[in-house]
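Next come the chains, spelled out residue by residue.
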Amino acid sequence: MEKIIEVKNLTKTYGKKTNKFTALKDINLSIYEGESVAIVGKSGSGKSTLMHLLALLDKPTRGTVIIDGKDASKLKNKELNRIRNKKFGFVFQQFFMNPKDSVLENVLLPLKIAKRSIFRRKKIAEEALKIVDLESKAKNKATDLSGGQKQRVCIARAIVNNPSIIFADEPTGNLDSATGDKIIKLLFDLNREKGVTLIIVTHDEDLAKLCGRVIRISDGQIVGESTAKGVKAEKAEAKGAKGAKVAKKPAAAKKGGKK
Ligand SMILES: Nc1ncnc2c1ncn2[C@@H]1O[C@H](COP(=O)(O)OP(=O)(O)OP(=O)(O)O)[C@@H](O)[C@H]1O
Ligand SMILES: [Mg+2]
C-alpha cells in the first residue's frame, strides 16, 4: 500500500501575539492508499484544522505535508489547485454551494475547472446526480434543497473528477439517520469499489467504527489510534507489521452496507 499523505511535525497556530492559539501541535501521521480513516475528538480539538491542512486548503505554521511523495510547501499554486481539483473530493458540512446556480451547474463546476469538454461535463455530472439519487433536482436552484439533499449534491460534486481521496467533515451532521446512512453507504461503496481513500471527521462513534482506522485528537494532539482489529497502530508499525496500519476494508465496507 502506497503512502498517499504523510504529515511531519505539523503545527498550526492561529492569531497573533496575545491572541495566539495553537490548534495543532506536532502531528505526525501517514495515510495509505485505499484506507478509511476517521478523525474523532471533542469540539475544538483541532479536527477541521487537521483536515484543512491534509487537504491543502490551509498552510501549517510549522511542519510538512507530503502528498504523493512531494513536499506540498514546494508546490506552485497551479499544481496545488490541480491536486485539489483532480485528486481530492470535499464533502464539508457547510460547503459553499453557489446559491444562484442550479444543482447541475454546481456539480459541473469541478469538471469545468478540469477543462473537460462541455459534452462530457454534462454526462458525468448527470451520472453523479444519478448516483446520489437527485437526477430529478438537476434544474433546481441549489438553495431550494433540503439539508440532506444539499449534502448529496456535495457528494456528487466531490466524485465527478474521480478523486483518489475524499475528505468529509461531519458528512452526516444534522441529517436524519436514514439520509445519513445513505451518505455513509455511498462513501464506503466508493472506498470498496473504487479504492477511494476516505478521511472522515466525525462525532459519530458508529460511523468511526466503520472506518479501518480511528485517530483520536485532543487539544491539538493525537492521543490515540486504533485499527479495525483494535491493534495499536504505532506499536504494530514499530514491530514492522506495516500492514496492520491499513484499513480492513472489506469488513468496514460490509458494515457500511448493512447500516
Ligand atoms: N481561524 C481561526 N482563528 C483562530 N482560532 C481558530 C480558527 N479556526 C479554529 N480556531 C481554533 O482552533 C481550535 C480548533 O478548531 P477546529 O475547527 O479545528 O476544531 P474542531 O475539532 O473541528 O471542532 P468542531 O468539532 O467543533 O468542528 C478551536 O479552539 C478554534 O477555536
Ligand atoms: Mg470542525
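Just so we're clear, the structure is a prediction, and the values are computed from it rather than from any experiment. (Residues numbered from 1 in each chain as written. Chains lettered and ligands numbered in written order. Predicted model: local features only at pLDDT ≥ 70, side-chain atom pairs only at ≥ 80, totals over all residues.)

## Things to note about the site of ligand 1
- Looking at ligand 1, the residues that line it are Tyr14, Gly15, Phe21, Ala23, Gly41, Ser43, Gly44, Ser45, Gly46, Lys47, Ser48 and Thr49.
- Secondary structure elements with two or more residues in the shell around ligand 1: β2 (21-32) and α1 (47-54).
- If you tally residues by element for the shell around ligand 1, the top one is α1, at three residues.
- Per-class residue counts for the shell around ligand 1 are three nonpolar, eight polar and one charged. (Near = placed C-beta within 6 Å. Helix = DSSP H or I, 4+ residues; strand = E, 2+ residues; numbered from the N terminus. Nonpolar A, V, L, I, M, F, W, Y, C, P; charged D, E, K, R; others polar.)

## Section: the pairing of β2
- Across eight bridges, the pairing between strand β1 (residues 3-14) and β2 is antiparallel. In the sheet register, threonine 13 faces β2, and the bridge partner there is threonine 22.
- Connecting the antiparallel pair β1 and β2 is a turn made up of six residues, with glycine 15 showing a positive phi of about 75°. (Pairing = 2+ DSSP bridges.)

## A closer look at helix α5 (residues 147-159)
- The end-to-end C-alpha separation of α5 is 19 Å, in line with the 18 Å expected for 13 residues at 1.5 Å each.
- Among all positions in α5, only Lys150, Gln151, Arg152, Val153, Cys154, Ile155, Ala156, Arg157, Ala158 and Ile159 are buried.
- Those residues of α5 that are buried are in contact with β6 (88-92), α3 (103-113), α4 (118-131), β7 (165-169) and α6 (177-194). (Expected span 1.5 Å × (residues − 1). Buried ≥ 20, exposed ≤ 12 C-beta atoms within 10 Å, placed from the backbone. Contact = placed C-beta atoms within 7 Å.)

## Here's the deal with the sheet that holds β7
- The six strands lie next to each other as β6-β7-β8-β3-β9-β10, forming an open sheet whose pairing is mixed. Edge strands, defined here as strands with exactly one partner in the open sheet, are β6 and β10 (221-227). Within the sheet, the average angular offset between the axes of one strand and its neighbour, ignoring direction, is 15°.
- Sheet topology note: the β7/strand β8 (residues 197-201) ladder contains five bridges and is parallel. Within β8, the residue paired with isoleucine 165 across the bridge is threonine 197.
- Each of β3 (36-41), β7, β8 and β9 (213-218) touches α1; the most contacted strand, β8, lies at about 150° to it.
- The strands touched by α6 within the sheet are β3, β7 and β8, with β7 carrying the most contacts at an inclination of about 160°. (Axes fitted to C-alpha atoms, helices over the stretch in contact; angles between N-to-C directions.)

## Thoughts on the sheet that holds strand β4 (residues 62-67)
- Here we have four strands laid out as an open sheet, ordered β2-β1-β4-β5, and antiparallel in their pairing. Each edge of the sheet is formed by a strand with only one pairing partner; in this case those strands are β2 and β5 (70-71).
- Direction of pairing for β1 relative to β4: antiparallel, over a ladder of five bridges. Each bridged residue has a counterpart across the sheet, and for isoleucine 5 the counterpart in β4 is isoleucine 67.
- Strands β1, β2 and β4 of the sheet are contacted by α1, whose axis makes an angle of about 125° with β1.

## Remarks on α1
- Taking burial as the measure, the eight residues of α1 include six buried ones, the bulk of the element.
- Count one or two residues on from α1 and you reach leucine 56, which has phi positive near 60°.

## Section: the pairing of β3
- β3 sits mainly inside the fold: six of its six residues count as buried.
- Every second residue of β3 is oriented toward a common face, with Ser36, Ala38 and Val40 on one face and Val37, Ile39 and Gly41 on the other, all of them buried.
- Where β3 lies against β8, four bridges are found, and the strand directions are parallel. Note on β8: the bridge partner recorded for alanine 38 is isoleucine 200.
- Bridge analysis of β3 against β9 gives five bridges, and the strand direction is parallel. Paired with glycine 41 across the two strands is isoleucine 217, which belongs to β9.

## Overview of the packing of α5 against α6
- Contact geometry for α5 and α6: axes closest at 10 Å, N-to-C directions at 10°. Relative to α6, the element α5 is oriented roughly parallel. Residues Gly148, Gln151, Arg152, Ile155 and Ile159 of α5 pack against Thr179, Ile183, Leu186 and Leu190 of α6.
- Of the residues contributing to the contact of α5 with α6, the split by class is five nonpolar, three polar and one charged. (Parallel < 35°, antiparallel > 145°, perpendicular 65-115°, else oblique.)

## Concerning unusual backbone geometry
- The residue aspartate 26 is not glycine, and still its phi comes out positive at about 55°.
- One can find aspartate 26 in strand β2.
- When the 14 C-beta atoms within 10 Å are taken as the criterion, aspartate 26 is described as partly exposed.
- Its identity as a non-glycine residue notwithstanding, lysine 115 has a phi of 60°, on the positive side.
- Examined against the element boundaries, lysine 115 turns out to sit in the loop between α3 and α4.
- Residue lysine 115 is classed as exposed on the basis of its C-beta count, with 8 C-beta atoms lying within 10 Å.

These figures come from the coordinates and say nothing about function on their own.
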